[in-house]
Structure formats: C-alpha cells, structure tokens
Amino acid sequence: MANPNLRFKTNYDVSSKIEPFYKGGKVQISRDEQFIFCTCGSRVNVLEISTGKIVHSVEHDDQEDITSFVLSPDDELLVTASRALLLKQWDWKRATCTRSWRAIHTVPVASMTFDPTSTLLATGGCDGTIKLWDVVKQYCTHNLKGSSGVVHLVQFHPDISRLQLFSSSLDCNVRVWDLQTSKCVHVLQNHYSAVTSLSFSQNGDTMVSSGRDKICTVWDVHSFKATRTVPVYEAVASVAVLPEDSDFSQIGVKNKELHFITAGSRGVLRVWEASSARCVHTRTLSSTLTPASGEEQEKDEDNPRSLTFLFHLPVSSRLVTVTAEHNIVFYQLPSLSTLQQFSGYSDEVLDVKFLGKSDSHLVVATNSCQLKVFELLTNSCQILYGHTDTVLTLDVFRNASMFASCAKDRSVRVWHMDSDSGHVTCVAHGSSHTNAVGSICCSRLKASFIVTGSQDCTVKVWDLPAELPVEGEEVHQLTARITEKAHDKDVNSVAVSPNDKLLASGSQDRTAKLWSLRPEGPLELLGVFRGHRRGIWMVCFSPVDQVLASSSADGTAKLWGLQDFSCLKTFEGHDASVLKVIFVSRGTQLLTSGSDGLVKLWTIKTNECVKTLDAHQDKVWGLHASRKDDLMVTGSADSKITVWKDVTEVELAEEQAKQEDQILKQQELSNLLHEKKYLKALGLAIALDQPQTVLTVIKAIRQGENTCELLEKTVLKLRTDQKESLLRYCAMWNTNARNCLDAQGVLQVLLKHLPPEELLQFQGARTHLEGLIPYTERHMQRIGNLLQASMFLNYMWQKMRGGALPLGVSGPGGVLLGTDGLGRSWRGSSGVGGAGLALAYQWVQRGVAPAWAVPREPPLVCARRMPVWRSGWALGGGWGGGGTLAITEAHRAGGVKKG
C-alpha cells in the first residue's frame, strides 16, 4: 500500500525546453565562433554553442518570413530581409532594430553578404539585380544589372583592396563585378547546374566553386581561368578550402598543395587534393545500417542525411555541417571526430523517455527514422541511425542505460549508452512482425526480455542474451520466443508488471487484457477489461498496488482491479483522447496527457484533478517520469519537448515563508498604529494589499484630533503606486454605508490636491471613478433624507422651548408623564409640543420623513394629517373641546394610555 505520510504533488513548473530553432534556410556562425545564427520562419534565432540555448531572437513586426540575413564580419550588425521587401538593421545583442529601409528590389532579397570591413552590404534579389549599400552613410552605392533570374549567391573577395564582388544566378555562371566601374568584368563558365558555394584560399589567389552538377572547379583569380575540374560524383552543397599552414595528415593531406572539403547530397565529408583531383579521405556518418547499394546511392535528392552547409572555423579548428533534417554537427579537425550535434527541428515528437542513471539524457522518437538522444545540460544531440521508417515508441530498462525502440519498419532495436562517454550504440535487432510495431515494453527486474505489440494484432516476447555485444561487435539478432494473437485490432500498448509475471495489452478494439507471463510456455489469458467506449491508447501497472491504469480515445482514464477486472475509478477531464497515463507519487497519483495539448495531475483517492499543465499546442504523445519522481518530460506534435520539475515542496516552503512574513508585518503594523506612525502604517498596509487593514489605518487617522489635516498630510506623502492602490480601495469601501465616510474623506484629499491629468494616469482610474459615482449618489440621497428629518426635529424642539408647554408641565388636555429628552414614553395633551415631538422621534427612528413633514405649516396641521402608524404606535382621542391625544410607544410603555 502507499505510504499514508506521503505528500501528494500539487504542481509542476517548466524546468527547461527543447524547441525548434532552425527550420531551413541560411545558417551563419559568428566570427568569435560562439554563436549560431539561423532562420526559423519569421525569426532569426541566436544559439549559444556552449549551452545549446537560444539567447537572442529577432523578428520583423509584420511577422513576414525572413528570406535572407547576414552578420557583419565584426559580429556587430545583423541585417535581415523579409518578404515585405524591408531591410532591417539590428543590434542583435539587445534584440532591437536600429534602422529599417525599403529595399529597392521589386521582389524579395535572396542573398546577402558583407565586405571584410563591415561597411558595404550587397543584396542579391530575385529580380536579377544586385544592390550595394553603405551601412554607415546609409545610402545605395551600386545597382548592378545583368544577372539572369534569382541571384542566390553573392560574395566579396577577401582582399578588400581589389573591390571585387562575385555572384551567381540561374544561368549557372559566376560573375565578377568591378565595384570601381560597376561593371561585370568576367563571367566564369564551367558549371552546368546551380553554383552553390565559393571558397577562397588564404592568399586570395585561388577560388573553388561547387555546384549541383557534381563537380568542383578550381579557379585562378588573377587570370579567371579554370585550372582544374574535380568530379565529386554527388551534388555538392558547400565547399571549404583547408588552410595550407596546418597539419591535416590524419585526413590524408600529405603535402602543402591546395586541399578542400566537400559536403553534398550523400551526407559524407570528402577531402580532395586539387592538383590531382583525387579524394584523399572520406568521413561518413555513423550508422548501424549496412551500406546502401549503388542504385540507392544515386537517389540523392530525398536523402535525409544530405548536407546543405559546410563551415570551417579557423580559431577552434573545427568543421560545421548542416543536414537536410536541420541538424547542426560540429567536427574537430584534423581527426574529423564528432564534437557536438544540435537538432534544429524535430517535427512531430512521438515519444520521449529519460535516459541515464541520473536522468541526464532524453531519448526522443520523432516523425523520422532517426532517434535523438539529448544531453539535458548542453542540449547537445546524438543522432542514432538504424531504423528505416518512422520510430513510434520507446521504453527504458531499469538500469537506465539501455532502451528499446520499435518502428513502422516492423523491427525492434535495443540500444546501449556508455555511462562514461554517453555514446549510444545498437546492440540487438529483431524483425518478425508483419506490420508496423506500435508499442514496446522492457522487463522490469532485469534486462532479460522485451515485449512488443503490433498493428498485425499480435504480441511478441523477445528474449535478450545474458551478454550483449559491445561497440564494434556484430549486432545480436533477436528471435521472438512467444507470438500471441492478442486482439482483433491494432495493439496500441503493452505493459509488464513490476515483478515481470504479468503482461497487459491495450488495443484499438476498446479492450485491455491481462496475461500471465511465464519464463517458458505461451501467454495465458487471465481476464479482459471492458468499459472504454473507444480504442485504448495506453495501459500501465501501478508500482505498488494490484491495479492497472488505462487511457482511451473516449477522453477518460480508468483504474482497474486485477482481481476481478472491474473498473475502480474513472477520471474525466480531457476534451479529447487521453494518449498517455503514468503513475507518480508511489502510485497515489496519475499523470495523463491528451490530444487537447494538456497534461493533468490526478489524485487517485479523491478523483480530483489537482493541476492542469498547459505548455503545448498540439497532441502530447510523450509522457514520462524520472526515476526519482521529481521530474517529468512531455513531447508533443508541436515539436516541443518540455521538462517539468515538481515544485510542491518549493511552493509549500514559499507559502510558509509568506505566512510568516504576513504575521511579522501584521505585528509591525499594530506597533506602528500604537505609536501613531500613520504614514508608515498606511504604506505597510498597502504593501500587504489588504484593503480592510488599510481601512483600519484610515479610521485610526480619522479618530484623532485634526483629522482632516492629518489625513491630508498622510495621504499626500504616499508614492504614486500607493495612491493608485488607495483609489482602488476607496471604490470598494464606498459600496458600504458604514465605510463611505472614510472613502469620501480619502477621495476629497485626492481630488483636491491631484490634477485630473495625474489621476487619469492611474491604472484603472476611469473604472474606479465610474464605480464611485452611483454609490456616492445613493449616499447623498440617504443623507438628504436624514437632514430633512433632523430639520423638523430641530424646528419642533425650538417651538417646545419657546411655547407654553415645557417638558413635564401639565397642559389643557393632560399632563406629560416620565418624559426624557426625546419623549420616549410619555402622555400628552392636544398641545402642539407633545404630538410634534412624538412624530419627529418616529421619523428619526425610521430614517425617513414623509414629504409633508417639511416644517412649512404649523405643527398642529401636520398632526391632523398624521396616519395610523404601524406596530408600536397608537393614535387615540379627538381634537376639540376637552378631547385629548395620546401617543404611546406600546412596546416600551406596555399599551395605549388615555389622557
């Protein structure tokens, strides 16, 4: 059973994110080799190489896609061009636009470059023109015409004294422009397809051009003649000339002749000797696949491994490549060993799991045949090749250094990560399903077997050898020990119990089944769980109790008993399919993720949804908790991976600290009021954001001597933000008749001493003032009514004092008995004084005076119009002769008295 003293989780907070930062287009690396600049739709993201984090991002206000950008050689200026034909100059370190101007191009800019001095900017447009801009004096210096079609490549000669610009367009030629004459002085013709890149030697006398026609051409820049054509046998995307003064013997460079490296459609790096047109070294991507046939190698266009950019970093002696799948890979020269990899775009994340003994890595299955292993500390990514179709599901063994994957290619693979280097290799492979393998689960006690479920409706159990091969040895071939026709439709999920003795399977046929998993022999069906109205996406065993959790496309998660296969609880809250469900908090809580992009935390005992986490915009396919149960990771179809941290203890500690602070401040406030330090007390009460406490301070100020002056002096010394809060509190107090005088007193000070312009600058001032008006009018009406009653009372009092009938003196019709100052219980004659006083007393008690009560007529006339009053008042006797009038307060004097 679960620990009764276990504290439930209440909240998770985002700890880190792995988001798309590059979706294709240009990539550039800063001169100091610390940052990568790359396009991502309407933004240019700046990635710090050491941490793998996006540190800056610039975006056009119109959110138009950026067609090109360039960073100046001094790393100070960033210029972007958008589809709106707008050029913007940025201070990228502050992410602020310093200047913007209209490009004179009639269509979007396709290419941009700076000269070595960072003062001249060249833009190549889709209209076939090239324009040069002086970014210091801010004007267009050249307009070069003559190119045919889109100018997709512009580049200055590294020697600025030569004032030469090289460009290429759709005519497959390289044009050389003399900037002194603004004319094209040479057209270099040797390519028969688009020229993709240019690279100059250190002395600037030699240039190498690459093209999609599968050749590289070496040019003499003085004579502008082709000195060598090197057949590369693949479409070359980029070329980089190696420096002649470095030792690159490890990659086949044996002399000081010109050597260059090519990156192309086959995803390999090749080192070429220019003089002999010979390939001296080849660096292929790591792969567990057997080499492709020659026929397959010819199909380069859609190769996901094809390279699109190649950069040489001279300071750190590194190479950087960019792949067609938006991966950025760093190599160390001269060994060409892999240093770092970054994944710019992961497409749809289908599954994600923690990996490593300290949960230091994440293994991710995306909508591709490759697996990605991220190091959480640096976001560096290791790309695993092996599957030939989309990887669907992952699972990790208990030792956290091995995991298994399954894919649409009908195969399963087992991988091992070296605990020291973090390098991952494939150690086992199996393939016997007849359709896509959509679910996989590893044994829980030790790495002894794996279980898979497939769209062929079968469940297979694969035994693992006791000793798995190490890196460099041949991959072990797995064979299925058990094959069972488990369901009538696709098997979406399989789960192994914590003791490795039970197996659960969930299917699209809306049922989950429980199987006995024995070391030998076939699976034995123990029972069927029925109750979901749609297909089941996932099943999961509790780590402590004999229950099974399931999630379904009907929008619910259910808890089932393993003894009688009955549904124990149903959790409803998602608006769409519940894709994943896992146990946390030692089996006392559940985490679910759904197609609505939400992750929900449930407490099993109360069926309560404790927290809803919203950080994704699409289906959350991946959900996994760390071994320490303090972290949780989610992966979504929006390409985002989010790592969440349990902040229950942190929030509890913060709440306790907040309560302690409140107690201390309340005590301090009491001391200040006692010492009559009203200004400090008022400021502290406002800081606590407690309107009732502020009201208490205001009342204390108004109870002393010289209240108006003291209130005015205190309020005017407050800061502007404190006055804003005070105005907001006044609007609240004014709704209650008991507090309206205090509210009106503060308002009088604010309206009297602050100009209207300043008042209207307060946050929400208009709303607060509009709310004050109707309640103030109601208070004024009530006070007016009371004032009328008090005037009548005063009039009658004056008449009594000046007439022949003082209190306690007998008159013609009777004697006043036992009167007090207001005549509460008395007996009176038909004299005017007694009747008028009784009427006035009643009106004051009721808080309202009839319209005819205004003392415009003699009191006797008013008394004759007096109606019969409600309970407690009686009118008797008559007028004239010896008649008497007796008005009594029955509930006080005990009945009607006659006079």
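One can find the structure itself at the top, above this paragraph.
One structure accompanies this document, and this report is about it.

Rules used in this analysis
- Residues numbered from 1 in each chain as written.
- Predicted model: local features only at pLDDT ≥ 70, side-chain atom pairs only at ≥ 80, totals over all residues.
- Heavy atoms only, no water.
- Helix = DSSP H or I, 4+ residues; strand = E, 2+ residues; numbered from the N terminus.
- Polar contact = N/O pair within 3.5 Å; in protein donor to acceptor, adjacent residues only side chain to side chain.
- Contact = heavy atoms within 4.5 Å.
- Expected span 1.5 Å × (residues − 1).
- Buried < 20%, exposed > 50% of the residue type's maximum accessible area, 1.4 Å probe, protein only.
- Patch = residues over 30% accessible without salt bridge, like charges linked within 9 Å, V, L, I, M, F, W, Y side chains within 5 Å.
- Areas by Shrake-Rupley, 256 points an atom, 1.4 Å probe, with all protein chains shown as cover.
- Salt bridge = Lys/Arg side-chain N within 4 Å of Asp/Glu carboxyl O.
- Lys, Arg positive; Asp, Glu negative; His and termini not counted.
- Charge placed at Lys NZ, Arg CZ, Asp CG, Glu CD.
- Core = buried A, V, L, I, M, F, W, Y, C linked by side-chain atoms within 4.5 Å.
- Axes fitted to C-alpha atoms, helices over the stretch in contact; angles between N-to-C directions.
- Parallel < 35°, antiparallel > 145°, perpendicular 65-115°, else oblique.
- Left-handed = near helix turned anticlockwise from the far one by under 90°.
- Nonpolar A, V, L, I, M, F, W, Y, C, P; charged D, E, K, R; others polar.
- Pairing = 2+ DSSP bridges.
- Phe/Tyr/Trp six-rings, centres within 6.5 Å; stacked < 30°, edge-to-face > 60°.
- Lys NZ or Arg CZ within 6 Å of the ring centre and 35° of its normal.

**Thoughts on the side chain of Asp500**
Moving on, step 1. Structurally, the position occupied by Asp500 is in the loop between strand 43 (491-496) and strand 44 (502-507).
Moving on, step 2. Within the structure, Asp500 has its side chain in polar contact with the backbone nitrogen of Arg444 (distance 2.7 Å).
Moving on, step 3. Here the side chain of Asp500 touches Leu445 through a polar contact of 3.1 Å, landing on its backbone nitrogen.
Moving on, step 4. Once residues within four sequence positions are removed from consideration, Asp500 is found in contact with Ser443, Arg444, Leu445, Lys446, Phe449 and Leu517.

**Section: helix 6 (residues 720-733)**
Because each turn of an α-helix spans 3.6 residues, side chains separated by three or four positions end up pointing in the same direction.
Moving on, step 1. A rise of 1.5 Å per residue sets the reference length of helix 6, with its 14 residues, at 20 Å; its end C-alpha atoms lie 20 Å apart and thus fit the reference within 8%.
Moving on, step 2. Where helix 6 is concerned, the buried positions are Gln722, Lys723, Ser725, Leu726, Leu727, Tyr729, Cys730, Ala731 and Trp733.

**A few points about a negative patch on the surface**
Moving on, step 1. A grouping of Asp13, Glu651, Glu654 and Glu655 is seen on the molecular surface, where their side chains present a negatively charged patch.
Moving on, step 2. Its place among the elements puts Glu654 in helix 2 (residues 648-674).

**Describing the environment of Thr217**
Moving on, step 1. By the secondary structure assignment, Thr217 is in strand 20 (residues 215-220).
Moving on, step 2. Using a relative accessible area of 0% as the deciding quantity, one classes Thr217 as buried.
Moving on, step 3. Placed 13 residues apart in sequence, Thr217 and Val230 show a C-alpha to C-alpha distance of 6.1 Å.
Moving on, step 4. Discounting chain neighbours no more than four positions away, the residues touching Thr217 are Asn190, His191, Met207, Val208, Ser209, Ala226, Arg228 and Thr229.
Moving on, step 5. Within polar-contact distance, the side chain of Thr217 engages the side chain of His191 at 3.4 Å.

**Looking at the nonpolar core**
Moving on, step 1. One finds Val694, Leu726, Trp733 and Val746 to be the most contacted residues of the largest nonpolar core, which totals 32 residues.
Moving on, step 2. Only helix 2, helix 3 (678-687), helix 4 (691-702), helix 5 (707-716), helix 6, helix 7 (740-753) and helix 9 (765-802) provide two or more residues apiece to this core.
Moving on, step 3. Apart from residues no more than four positions distant in its own chain, Val746 is found in contact with Ile698, Leu711, Leu726, Cys730 and Trp733.
Moving on, step 4. With 25 residues, the next largest nonpolar core counts Tyr12, Ala549, Val584 and Trp602 among its residues.

**What to know about the packing of helix 5 against helix 7**
Moving on, step 1. Their axes nearest at 10 Å, the elements helix 5 and helix 7 cross at an angle of 60°. Taken as axis vectors, helix 5 and helix 7 run oblique relative to one another. Along this stretch, helix 5 crosses helix 7, giving a crossing that reads as right-handed. For the pair helix 5 and helix 7, contact is made by Leu711, Glu712, Val715 and Leu716 and by Gly745, Val746, Val749, Leu750, Lys752 and His753, respectively.
Moving on, step 2. Its residues placed into classes, the contact of helix 5 with helix 7 shows 6 nonpolar, 2 polar and 2 charged.

**Comments concerning the sheet that holds strand 5 (residues 54-59)**
Moving on, step 1. If you trace the 4 strands from one edge of the open sheet to the other, you get 2-3-4-5, paired in antiparallel fashion. With one partner strand each, in any of the chains shown, strand 2 (27-29) and strand 5 form the two edges of the open sheet. When strand polarity is set aside, the average angle formed by the axes of neighbouring strands in this sheet is 20°.
Moving on, step 2. Relative to strand 4 (residues 43-48), strand 3 (residues 35-40) runs antiparallel, the two sharing 6 bridges. Residue pairing across strands places Cys38 opposite Asn45, the latter belonging to strand 4.

**Quick notes on the packing of aromatic side chains**
Moving on, step 1. Evaluation of the coordinates by the stated rule reveals 12 aromatic pairs.
Moving on, step 2. Seen from their ring centres, Phe166 and Phe200 are 5.3 Å apart, and the 65° between their planes marks the pair as edge-to-face. Taken as a pair, Phe166 in strand 15 (residues 164-168) and Phe200 in strand 18 (residues 195-200) lie far apart in primary sequence, 34 residues in all.
Moving on, step 3. Taking 5.6 Å as the distance between ring centres and 80° as the angle between the ring planes, the aromatic pair formed by Trp537 and Trp621 counts as edge-to-face. Placement of the pair is Trp537 in strand 47 (residues 536-541) and Trp621 in strand 55 (residues 620-625), with a sequence separation of 84 residues.
Moving on, step 4. Put simply, the rings of Phe35, Phe37 and Trp92 pair up and form one aromatic cluster.
Moving on, step 5. Above the plane of the ring of Phe69 lies Lys26, whose end atom (NZ or CZ) is 5.5 Å from the centre.
Moving on, step 6. When the ring centre of Trp101 is taken as reference, the NZ or CZ atom of Arg99 above it lies at 3.8 Å.

**Notes on unusual backbone geometry**
Moving on, step 1. The peptide bond linking Leu333 to Pro334 adopts the cis configuration, its omega dihedral lying at 5°.
Moving on, step 2. You will see that Asp500, though not glycine, has its phi angle at about 65°, which is positive.
Moving on, step 3. Even without glycine at this site, Asn607 takes up a positive phi of about 60°.
Moving on, step 4. We classify Asn607 as partly exposed; its relative accessible area is 28%.

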